[in-house]
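Structural characterization, general
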Amino acid sequence: MPEIKLEHINKRWGKFYAVDDLSMTIRDNAFVTLLGPSGCGKTTTLRMIAGLETPTSGKITIGDKVVFDSSRGINIPANKRKVGFLFQNYALWPNMTVYQNISFGLTNIKEEMPKIDFEARTNSQLVKILKNPEEVVRVLEECRDKNGKIDSKRAVLKLIDAFTISQFTAKTLFSYHLEEGKDVSEEISKLSAKVKESVEKNHLDSSFQFTENGKVVVESRKMSREEIDLAVRRVSRIVKIGMFMDRYPAELSGGQQQRVAIARTLAPEPSVLFMDEPLSNLDAKLRLEMRYELQRLHVETGSTFVYVTHDQMEAMTLASEICLINNGVLQQYQPPLEVYKKPSNLFVADFVGNPSINFVDGKGDGKDDGSIELEVLGGRKVKFIPSSPLSLKSWREERDREEDAKKLDIARRSKEKDYVEKGNKDEVFKYHIQKVDEEDDSLSEEPVVTDQDFVLGIRPECIEIKEDGKLQGEIYGAMPTGMESTIKVRVGDFLLTGVVFGDLSFRIGSTVNLSVESDRIMIFDRKSGKLITTGRLEIL
């Protein structure tokens, strides 16, 4: 499967940048989720790779083929990019059966393909199967109804799956009625003779392709009904809908319709499969089941999957890599657990994780040993101890260098003839501090932020209730689910969210002692919003 490379992709409408200077590589056979809030540019990115949207500038390569390059005027249309697209709306034809819906796109394909003697190939398959009649009889015996009569429709479906053949070949095989003990040796001889004659006459290879001077003959043609049927049966086995072929979409459940839509997308064997929130129309239980199906599908097909969602749980559970976008800008592109454990900035930390992360403002500065002493939660003293050696001075110098380089790049681009200033400006993410009495942030003045301002990021599972905990709080709310409970604890005027495992019960208003037990506490630079490092927290 091909690698997909995006280089400096921009898409704007007027001064609004839907995608801003996006560069990333989607590796071969990856399952990448484009994640972000509504309107962040993820669907636009997907549509540009697929060829359904034209970038303003940049370059897109699929495999070794450049499909878009603004500087060279290349823009290969969607139907030539060998990609499949699965939409949020299943878009099934209501007047067509499941079989017709899946096969519809295949009937319109016309391209350079090997010339094949389908009759010889079918006869060869029949000879091979008829030489082992016991296996055919075993399959047919499983199709008897309560009256002992063989159900022909079920028998054909069973033969299709048992021998990986088309329905036309299966019907011919069934017509021999081997279950009645008929002798088919004469038929085998006739078919074998026909195959031998075709192979010699047309110089067929082992796949029954015509050859000339040792090379396979290629012709511009449409797929034969045999090829179409084999493709339909192949994908129906993958998504387990073989028994629904004669039904219409209205006769199927939401999950079954989704499987049909997936099968239709897989039928042409796309090298890349694009999915735009395909599970959003399903109920919660079915959505979970379909996630497992998509995981299995990814492994079985070996295709590269690019999946758009705003559901961070869906992204975490499905993806091999998450591409998190905000305001058209790539925020982080890494495996799910890396994004969860080491978010690159405050936005990523806030967006990924359920329940949401606790943000705690802190004021202080670094010490010679690399630790940072802070005042948090209205006057409480804590010490942050980084997991690896940290020089705040060096980190801040690097931060300032990056910021200067970004300004220089914008200044350079502004001199280009086609440059348009970005109207939807990028700003440091405005994180939320949970308090008992919520204030309207829009009415408060912007604080003056200095290098002494930090933000601690504490995941709910890092907060534990312990008798010897040094932080005292009051249970403000509790939501038990059986296996675990999500609690909110009041500490002064602030609220902290924690996850406590086990079937425990909590009384609202009761006093508890808290401990922060983890070496994965995050500390962010409030000025830039960037992650400084991770470490542990000591409550003094």
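Above: the structure in question.
Here's what I pulled together on the structure shown here. The residue numbering used here restarts from 1 in each chain and proceeds along that chain's sequence as written. Since the coordinates come from a predicted model, pLDDT governs what is reported: local features require at least 70, and pairs of side-chain atoms require 80 or more to be given and counted, while whole-chain, interface and lining totals use all residues. Computation of side-chain values: all heavy atoms of the structure, hydrogens and water removed.

Time to look at the overall build of the chain. Note on conventions: DSSP H or I runs of at least 4 residues are helices, E runs of at least 2 residues are strands, and numbering of each starts at the N terminus. For the chain, the helix and strand inventory stands at 14 helices and 26 strands. Taken over the C-alpha trace, the chain has a radius of gyration of 31 Å; the compact-globule value for 540 residues is 24 Å, which it surpasses by more than 25%. When a residue's accessible area, from a 1.4 Å probe over protein chains only, is under 20% of the maximum for its type it is buried; when over 50% it is exposed; and in between it is partly exposed. Residue burial in the chain is summarised as follows: out of 540 residues, 46% are buried. Here, residues are in contact when the closest pair of their heavy atoms is within 4.5 Å. A sequence separation of at least 24 residues applies to 68% of the contacts in the chain between residues at least 6 apart. Residue-level accessible areas treat just the shown protein chains as cover; the underlying method is Shrake-Rupley with a 1.4 Å probe. As presented, the chain carries roughly 28000 Å² of accessible surface, and 49% of it is formed by carbon and sulfur atoms. Of note, the chain has its 78 positive side-chain charges centred 4 Å away from the centre of its 85 negative side-chain charges. Values of the radius of gyration come from C-alpha atoms, whereas the globule rule sets the reference at 2.2 Å times the count of residues to the power 0.38. Counting rule for charge: Lys and Arg are taken as positive, Asp and Glu as negative, and neither His nor the chain ends is counted. To locate a charge, take atom NZ for lysine, CZ for arginine, CG for aspartate or CD for glutamate.

Within the secondary structure, threonine 97 is located in the loop between strand E7 (83-86) and helix H2 (98-107). By relative accessible area, which is 12% here, threonine 97 ends up buried. Sequence-distant contacts of threonine 97, defined by excluding residues within four places in its chain, comprise Met245, Asp246, Arg247 and Tyr248.

Time to look at the packing of helix H9 (residues 254-266) against helix H10 (residues 284-301). When two helices pack together, their arrangement is captured by the angle between the axes and the distance separating the axes. All axes here are fitted lines through C-alpha atoms, helices being fitted over the stretch that makes contact, and every angle between N-to-C directions spans 0 to 180 degrees. It is the contact of H9 with H10, at a shortest axis distance of 11 Å, that shows an interaxial angle of 20 degrees. The pairing of H9 with H10 is recorded here as roughly parallel in orientation. Like other packed secondary-structure pairs, H9 and H10 cross with a definite hand, here right-handed. Between H9 and H10, the residues in contact are Gly254, Gly255, Gln258, Arg259, Ile262 and Leu266 and Leu286, Met290, Glu293, Leu294, Leu297 and Thr301, respectively. Each residue is assigned to one of three groups, with Ala, Val, Leu, Ile, Met, Phe, Trp, Tyr, Cys and Pro labelled nonpolar, Asp, Glu, Lys and Arg labelled charged, and all others, Gly among them, labelled polar. Tallied by class, residues from the contact of H9 with H10 come to 6 nonpolar, 4 polar and 2 charged. Oblique is the label for any angle not under 35 degrees, not over 145, and not in the 65 to 115 range, which are roughly parallel, roughly antiparallel and roughly perpendicular in turn. What makes a crossing left-handed is the near helix being turned counterclockwise from the far one by less than a right angle; a clockwise turn instead makes it right-handed.

Salt bridges are defined by distance alone: a side-chain nitrogen of Lys or Arg within 4 Å of a carboxyl oxygen of Asp or Glu. Applying the stated criterion across every chain yields a total of 41 salt bridges. The salt bridge involving glutamate 375 is made with lysine 381; its shortest N-O contact spans 3.4 Å. The class of glutamate 375 is partly exposed, set by a relative accessible area of 39%. Among the charged side chains, a network of salt bridges with common partners joins Asp20, Asp409, Arg412, Arg413, Glu416, Lys422 and Asp426.

Quick look at the packing of aromatic side chains now. Pairing of aromatic side chains requires ring centres within 6.5 Å, counting the rings of Phe and Tyr and the six-membered ring of Trp. Pairs whose planes differ by under 30 degrees are stacked, by over 60 edge-to-face, and all others tilted. Taken as a whole and assessed by the stated rule, the structure comprises 8 aromatic pairs. Members of the aromatic cluster, joined through ring pairs, are Phe31, Phe305 and Tyr307. Taking the ring centre of phenylalanine 210 as reference, the NZ or CZ of lysine 115 above it sits at 4.6 Å. Criterion for a charge above a ring: Lys NZ or Arg CZ within 6 Å of the ring centre, and within 35 degrees of the ring normal. Here the guanidinium or amino end of arginine 225 rests over the ring plane of phenylalanine 168, the centre of that ring lying 3.9 Å away.

Our next topic: the pairing of strand E21 (residues 471-480). Two strands make a pair as long as DSSP finds a minimum of two bridges between them. Two elements, E21 and strand E24 (residues 511-516), share 4 bridges in a ladder whose sense is antiparallel. Counterpart to glutamate 474 in the pairing with E24 is threonine 511. Bridge count between E21 and strand E22 (residues 484-491): 6 bridges; the pairing is antiparallel. Bridge assignment links glutamate 474 to a residue of E22, and that residue is arginine 490. A loop of 3 residues connects E21 with E22, the two strands running antiparallel in sequence, and glycine 482 in this loop sits at a positive phi of about 110 degrees.

Here we come to H10. Take the number of residues in a helix, subtract one, and multiply by 1.5 Å to get its expected span. Between its first and last C-alpha, H10 extends 26 Å over 18 residues, near the 26 Å set by a 1.5 Å rise per residue. For H10, the full list of buried residues reads Met290, Arg291, Glu293, Leu294, Leu297 and His298. Contacts from the buried residues of H10 go to strand E3 (31-35), helix H8 (225-238), H9, strand E12 (272-276), strand E13 (304-309) and helix H11 (312-318).

Our focus in this paragraph is the sheet that holds E21. Within a sheet, each strand pairs with its neighbour through backbone hydrogen bonds, oriented either parallel or antiparallel. Ordered by their spatial adjacency, 5 strands build an open sheet running E20-E24-E21-E22-E23, and the pairing between neighbours is antiparallel. Only two strands of the sheet have a single partner each, and these edge strands are strand E20 (463-465) and strand E23 (494-501). This sheet shows a mean twist of 45 degrees between the axes of neighbouring strands, independent of strand direction.

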